[in-house]
Amino acid sequence: MADNPLFLFFTMTEKFSDHLSATGAYPEKFVLNLAQHDTYLRDVALFNAGRQRPLDPALHMGIRIVIDGAPPGGVVASDGTQVLLLG
């Protein structure tokens, strides 16, 4: 993952889209561990390099990002269930 620029960014976008399509609702939040957050910040910086209006690194597709050192990282659905981002 760390060697593949924008992989995490696009994976999060895909999980967001899958959740929205399946439920008609936005996910509650994204949960990233520290390493994933570092990767996400790198991805946002890469993505922002070609934009006039930069993305807010605290949100992904308007969904808040929570940093937690314990979990493997995931998206928390609107009903509270968590789906892994990777794996």
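A.B. asks: Tell me about the overall build of the chain, residues and numbers included.
C.D. replies: A tally of regular secondary structure across the chain gives two helices and five strands. Expected size for 87 residues packed as a compact globule is a radius of gyration near 12 Å; at 12 Å, the chain falls within 12% of this value. For the chain, the residues scored as buried account for 34% of the 87 residues in total. Split by element, the accessible area of the chain, about 5100 Å² in all, is 56% carbon and sulfur. Where the 6 positive side-chain charges of the chain centre and where its 9 negative ones centre are 6 Å apart.

A.B. asks: Would you mind going over helix α2 (residues 34–48) in detail, with residue names and values included?
C.D. replies: A rise of 1.5 Å per residue sets the reference length of α2, with its 15 residues, at 21 Å; its end C-alpha atoms lie 21 Å apart and thus fit the reference within 8%. Where α2 is concerned, the buried positions are Gln-36, His-37, Thr-39, Tyr-40, Asp-43, Val-44 and Asn-48. Each buried residue of α2 lies within a common arc of 165° when the element is viewed along its axis, so the set occupies one face. Of the exposed residues in α2, those oriented more than 90 degrees away from the buried face are Leu-34, Ala-35 and Asp-38. Contacts from the buried residues of α2 go to α1 (7–23), β1 (29–32), β2 (59–60) and β3 (63–67).

A.B. asks: Account for the environment of Pro-54, with residues named and values stated.
C.D. replies: Here Pro-54 shows up in the loop between α2 and β2. The exposure class assigned to Pro-54 is exposed, which follows from its relative accessible area of 57%. Considered as a pair, Pro-54 and Val-44 are 10 residues apart in the sequence and their alpha carbons are 8.6 Å apart.

A.B. asks: I'd love a proper account of unusual backbone geometry, names of residues and values included.
C.D. replies: Within the chain, Leu-6 stands out as a residue other than glycine whose phi angle is a positive 70°. Along the chain, the position of Leu-6 falls in the segment before α1. Overall, Leu-6 belongs to the buried group, its relative accessible area being 18%.

A.B. asks: Before we move on, can you summarise the packing of α1 against α2 with the specific residues and values?
C.D. replies: Two elements in contact, α1 and α2, have axes separated by 8 Å at closest approach and are oriented at 95°. With respect to each other, α1 and α2 are oriented roughly perpendicular. Here Phe-7, Leu-8, Phe-9 and Met-12 of α1 lie close against α2, whose contacting residues are Gln-36, Thr-39, Tyr-40, Asp-43, Val-44 and Phe-47. By residue class, the composition of the contact of α1 with α2 is seven nonpolar, two polar and one charged.

Rules behind the numbers
Sequence order as written defines the numbering, with residues in each chain counted from 1. Thresholds applied to this predicted model are a pLDDT of at least 70 for local features of residues and 80 or more for the giving and counting of side-chain atom pairs; totals over whole chains, interfaces and linings are not thresholded and use all residues. Only hydrogens and water are set aside when side-chain values are computed; all heavy atoms of the structure are taken into account. Each helix is a run of H or I in the DSSP string that is no shorter than four residues. Each strand is a run of E no shorter than two, and both are numbered from the N terminus. Radius of gyration means the value over C-alpha atoms here, while the globule rule gives 2.2 Å times the residue count to the 0.38 power. Using a 1.4 Å probe on the protein chains alone, a residue whose accessible area is under 20% of its type maximum counts as buried, one over 50% counts as exposed, and one in between counts as partly exposed. Computed with a 1.4 Å probe, the accessible areas rest on the Shrake-Rupley method; for each residue, only the protein chains presented here act as cover. Residues counted as positive are Lys and Arg, residues counted as negative are Asp and Glu, and His and the chain ends are not counted. Taken as the charge centre is NZ of Lys, CZ of Arg, CG of Asp or CD of Glu, depending on the residue. Expected helix span is taken as 1.5 Å per residue step, with the number of steps being one fewer than the number of residues. Each C-beta atom gives one direction from the helix axis, and the arc is the one those directions make. Only heavy atoms enter the contact rule, under which two residues are in contact if any of them lie within 4.5 Å. To get an axis, a line is fitted to the C-alpha atoms, and for a helix only the part in contact is used. The angle between two axes follows their N-to-C directions and goes from 0 to 180 degrees. Just so you know how the angles are binned, under 35 degrees is roughly parallel, over 145 roughly antiparallel, 65 to 115 roughly perpendicular, and the rest oblique. Note on residue categories: nonpolar means Ala, Val, Leu, Ile, Met, Phe, Trp, Tyr, Cys or Pro, charged means Asp, Glu, Lys or Arg, and polar means any other residue, Gly included.

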